[in-house]
Number of protein chains: 2
Amino acid sequence: MISKKFICSIAASLLATRTHLRSMHKMKNEKIGIIGSGLIGRAWSMLFASVGYKVVLYDILPEQTSNALKEIEKELHALQAKGALRGTLSPAEQFSCISVTTDIGELVSNAIYLQECIPERLEWKRTLYTELADIVCSETIMASSTSTYMPSLFSEQMKQHRENVVVAHPLNPPYYIPLVEIVPAPWTKADVVTRTRELMLEIGQKPVTLTRQIEGFATNRIQYAILNEVWRLVADGVVSVADVDRVMTEGLGLRYALLGPLETAHLNADGVADYFQRFGAEVYAVSQTYGPTPKMEAGGNLSKIAAECEEMVPRAQLPARRAQRDLFLRELCALKKQLE
Amino acid sequence: MISKKFICSIAASLLATRTHLRSMHKMKNEKIGIIGSGLIGRAWSMLFASVGYKVVLYDILPEQTSNALKEIEKELHALQAKGALRGTLSPAEQFSCISVTTDIGELVSNAIYLQECIPERLEWKRTLYTELADIVCSETIMASSTSTYMPSLFSEQMKQHRENVVVAHPLNPPYYIPLVEIVPAPWTKADVVTRTRELMLEIGQKPVTLTRQIEGFATNRIQYAILNEVWRLVADGVVSVADVDRVMTEGLGLRYALLGPLETAHLNADGVADYFQRFGAEVYAVSQTYGPTPKMEAGGNLSKIAAECEEMVPRAQLPARRAQRDLFLRELCALKKQLE
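If you look chain A up in an unreviewed UniProt entry, it shows as Lambda-crystallin from Bactrocera dorsalis. As its UniProt record puts it under Sequence similarities (unreviewed entry), chain A is described as follows: "Belongs to the 3-hydroxyacyl-CoA dehydrogenase family."

Chemist: Explain the pattern of salt bridges here, please?
Modeler: Close approach of charged atoms allows side chains of opposite charge to pair. All names here are of chain A. Scanning the entire structure with this criterion turns up 34 salt bridges over all chains. The salt bridge involving aspartate 326 is made with arginine 325; its shortest N-O contact spans 3.1 Å. Salt bridges linked by common partners bring Glu116, Glu120 and Lys125 together as one network.

Chemist: Please clarify how the environment of serine 147 of chain B should be interpreted in this entry.
Modeler: Its place among the elements puts serine 147 of chain B in the loop between β5 (141-144) and α7 (151-155). Along the chain, serine 147 of chain B and alanine 269 of chain B lie 122 residues apart, while their C-alpha atoms are 35 Å from each other. Dropping the residues within four chain positions of it, serine 147 of chain B is found in contact with Glu282 of chain A together with Glu120, His169, Phe217 and Asn220 of chain B.

Chemist: Would you mind showing me how to read the pairing of strand β4 (residues 111-116) of chain B here?
Modeler: Across a regular strand the side chains alternate sides, sitting on one face of the sheet and then on the other. All names here are of chain B. Taking burial as the measure, the six residues of β4 include five buried ones, the bulk of the element. Where β4 lies against β5, four bridges are found, and the strand directions are parallel. Paired with leucine 114 across the bridge in β5 is methionine 142. Crossover β4 to β5 through helix α6 (residues 122-135) is right-handed.

Chemist: I keep staring at the packing of aromatic side chains and nothing clicks. Help me out?
Modeler: Two measures describe an aromatic ring pair: the distance that separates the ring centres and the angle between the ring planes. Counted by the stated rule, this structure contains 16 aromatic pairs over all chains. Consider the rings of tryptophan 44 of chain A and phenylalanine 48 of chain A, whose centres lie 5.7 Å apart with planes at 25 degrees: the pair is stacked. Here phenylalanine 48 of chain A and tryptophan 44 of chain A lie together in helix α2 (residues 39-49), a separation of four residues that amounts to about one turn. Of the residues examined, phenylalanine 48 of chain A reaches a relative accessible area of 0% and is grouped as buried. Ring centres of phenylalanine 48 of chain A and tyrosine 113 of chain A lie 5.6 Å apart, and the angle between their planes is 50 degrees; on these two criteria the pair is classed as tilted. Of the two residues, phenylalanine 48 of chain A sits in helix α2 while tyrosine 113 of chain A sits in strand β4 (residues 111-116), which places them 65 residues apart along the sequence. Taken together, the aromatic side chains of Trp44, Phe48, Tyr53 and Tyr113 of chain A make up a single cluster linked through ring pairs. Residue placement shows lysine 28 of chain A over the ring face of tyrosine 53 of chain A; its charged tip is 5.2 Å from the ring centre. The ring of tyrosine 284 of chain A has lysine 295 of chain B lying over it, and the distance from NZ or CZ to the ring centre is 4.7 Å.

Chemist: Help me understand the environment of leucine 335 of chain A in this model?
Modeler: When you line up the elements, leucine 335 of chain A lands in helix α14 (residues 318-339). Non-local contacts of leucine 335 of chain A, meaning those with residues more than four positions away in its chain, are made with Phe328, Glu331 and Leu332 of chain B.

Chemist: Hey, could you run me through the packing of helix α12 (residues 272-287) of chain A against helix α9 (residues 219-235) of chain B in this one?
Modeler: In a pair of packed helices, the angle between the axes and the distance between the axes together describe the arrangement. One way to put it is that α12 of chain A packs onto α9 of chain B with a least axis distance of 10 Å and a crossing angle of 105 degrees. Comparing the axis directions of α12 of chain A and α9 of chain B gives the class roughly perpendicular. Between α12 of chain A and α9 of chain B, the residues in contact are Tyr275, Phe276, Glu282, Val283, Val286 and Ser287 of chain A and Asn220, Arg221, Gln223, Tyr224, Leu227, Asn228 and Trp231 of chain B, respectively. Across the contact of α12 of chain A with α9 of chain B, the residue classes tally to seven nonpolar, four polar and two charged.

Chemist: Which parts of the structure should I look at to understand α14 of chain A?
Modeler: An α-helical turn contains 3.6 residues, so a residue and the one three or four places further along point in the same direction. Over its 22 residues, α14 of chain A runs 31 Å from end to end, which matches the ideal 32 Å to within 8%, given 1.5 Å per residue. Listing the buried residues of α14 of chain A in full gives Leu318, Arg321, Arg325, Asp326, Phe328, Leu329, Arg330, Leu332, Leu335, Lys336 and Leu339 of chain A. As for α14 of chain A, its buried residues are in contact with α10 (241-256), α11 (261-267) and α14 (318-339) of chain B.

Chemist: When you look at the UniProt feature "domain: 3-hydroxyacyl-CoA dehydrogenase NAD binding" (unreviewed entry) in chain A in this model, what are you seeing that I'm missing?
Modeler: The UniProt feature table records "domain: 3-hydroxyacyl-CoA dehydrogenase NAD binding" (unreviewed entry) at residues 31-210 of chain A. Overall, residues 31-210 of chain A shows 41% helix and 22% strand. The separation of its end C-alpha atoms is 26 Å.

Chemist: In this structure, what is going on with the domain arrangement of chain A? I would like to understand it.
Modeler: Note on interface size: it is often stated as the accessible area lost on association of the parts. Residue and element names in this part refer to chain A. Assigned domains within chain A: domain 1 (4-209) and domain 2 (219-339). Computed from C-alpha coordinates alone, the two centres of domain 1 and domain 2 are separated by 31 Å. Taken together, the contact pairs twelve residues of domain 1 with seven residues of domain 2. Per-residue buried area on domain 1 facing domain 2 is highest for Pro173, Tyr176 and Glu181; these three make up 52% of the total on that side. Joining domain 1 to domain 2, the criterion identifies zero salt bridges. In this structure, the connection of domain 1 to domain 2 is made through one residue pair in polar contact (both at pLDDT 80 or more). In terms of residue class, the side of domain 1 that touches domain 2 is made up of seven nonpolar, three polar and two charged.

Reading the values: the criteria
Residues numbered from 1 in each chain as written. Chains lettered and ligands numbered in written order. Predicted model: local features only at pLDDT ≥ 70, side-chain atom pairs only at ≥ 80, totals over all residues. Heavy atoms only, no water. UniProt positions renumbered as here; feature names shortened; annotations may be inferred. Salt bridge = Lys/Arg side-chain N within 4 Å of Asp/Glu carboxyl O. Helix = DSSP H or I, 4+ residues; strand = E, 2+ residues; numbered from the N terminus. Contact = heavy atoms within 4.5 Å. Buried < 20%, exposed > 50% of the residue type's maximum accessible area, 1.4 Å probe, protein only. Pairing = 2+ DSSP bridges. Right-handed = clockwise from strand over helix to strand, strands pointing away. Phe/Tyr/Trp six-rings, centres within 6.5 Å; stacked < 30°, edge-to-face > 60°. Lys NZ or Arg CZ within 6 Å of the ring centre and 35° of its normal. Axes fitted to C-alpha atoms, helices over the stretch in contact; angles between N-to-C directions. Parallel < 35°, antiparallel > 145°, perpendicular 65-115°, else oblique. Nonpolar A, V, L, I, M, F, W, Y, C, P; charged D, E, K, R; others polar. Expected span 1.5 Å × (residues − 1). Domains from an automatic or database assignment. Buried area = accessible area lost by both parts, 1.4 Å probe. Polar contact = N/O pair within 3.5 Å; in protein donor to acceptor, adjacent residues only side chain to side chain.

Below, the structure written as structure tokens:
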């Protein structure tokens, strides 16, 4: 019987040869496996295909994968028509980089990198990673798109290869928002973090690396700190939903599209040290007046917030507003590129 | 002796007549007084002049006011050259709307609205508002640009007219960031809030109204919640300054330039009620893991943060980076207008 290790090494040699040939056509021979064909899985497929990776998209049912493929083809041509297609390959070339499978063994075979995008249910993730441990090559990176679970939670029980598991958390919508948080479990190899970061840069995303896992990673910790205070301000009747959102969209958020919170402080004084020496005590004093962490449950305040949100954007208009958001994000990223 | 009230009413009639004449030239006859000729005072002067208000800018020393006037003239022409001048009047017309004085009595005489922009020192503000109480007309709105002090703190002691005091807090730089927070003291008349809001809309700013005063108002409460968590993440060694800033500039901040925190949630699920029903418990759980409020004092972590900030933007390059920020904000606001 031929060992899995032997197959992996043969495959690696073959890949090396074919990579050379394909590179002339800006196509790569390295294979990327995407697990889950929902919105996020499709976006990742397009991102990897945009620079010519050989992408295989997996889901459980043939209807899911064939449907995803149709959606991707339509989307690639729509992006081209809008001048928003990423990379230098044509929509047809990018589409030709993507294939589908419902066979998980076929998916992982020779893949250099797997991007998992299954629903946010911990037991499903644990089952999947337990299964992956038995079938992946020892060099395959297993990256989860999860926004919720620290990587230790679904990789701890793996019999092998858990050092190749990492979180690569995108924001919604990933095709237009470049941020990807890279979060290692305690046992993740440093090299896995480095290679994932390089891969993200290669596909045009902007990775940030956490040195260790933490609940909510960096993005949601910051986002939830904002939501807590916004919730309290509205629940306490201090401002309306429309006005509290405007604090961002007409104020803080305009700066944050270019400058992070610390660079903002750096520029608003003679450097960040001067800023905190002047305002640090005030930040602390105001922070002492925050109310308790709100419980964002169904009922009183949620009904009030939902009613005001639906006044701003009725539920029926959510898809149109999302399309407007995507258009805005595209133009905003183009504007930022001009300034770079 | 002719009473102050009588002079005020005569002035009001005169204003009514002259307003009609000046309106043909898009100039207004209503007078706006600006107290303090620093960066913020000059920005307010230009904003009010951009729609033709008769602006009088006050400061203590003639050198301050004449210097401010020179700066404003230069800036108006520079804005015109960059295509960034606000309003429909020419730079010369806008400049002709602005005069200066070092006589506080002259400043307040017949002014419909005063915008105070003196340094953030409470005792100075208390002294100023105590003095204003004796000399303003009963209809004059007294608005403070303070970001720090609740309006009750400097208006409580006023012998009269404290019901006309309100905070109108701009963000930096006010010419490019439209947000203005309007914050009433407990005794501020509802009508003063309404008129201030209308005035802000008229000059092209985007007001948000707080129903009552609260430490840090809305903007700094949200901004400080962000800074606290950003500080902790960097101080705890979880991410670098550059990466934590990137969480905003390549992620959250891109969305926040168009969508507030609640509309973001509204769009990221089937409406905001669905969002919080699905993620509310997670927001709460993550929030339980925030560390204590950091003290942002000189020393250990501030030195580390300052060193990393200065690696991103050396102090000598702060002015150039501020200019880039302003250029970006201008283009961003133009982009948002296109989408409206």
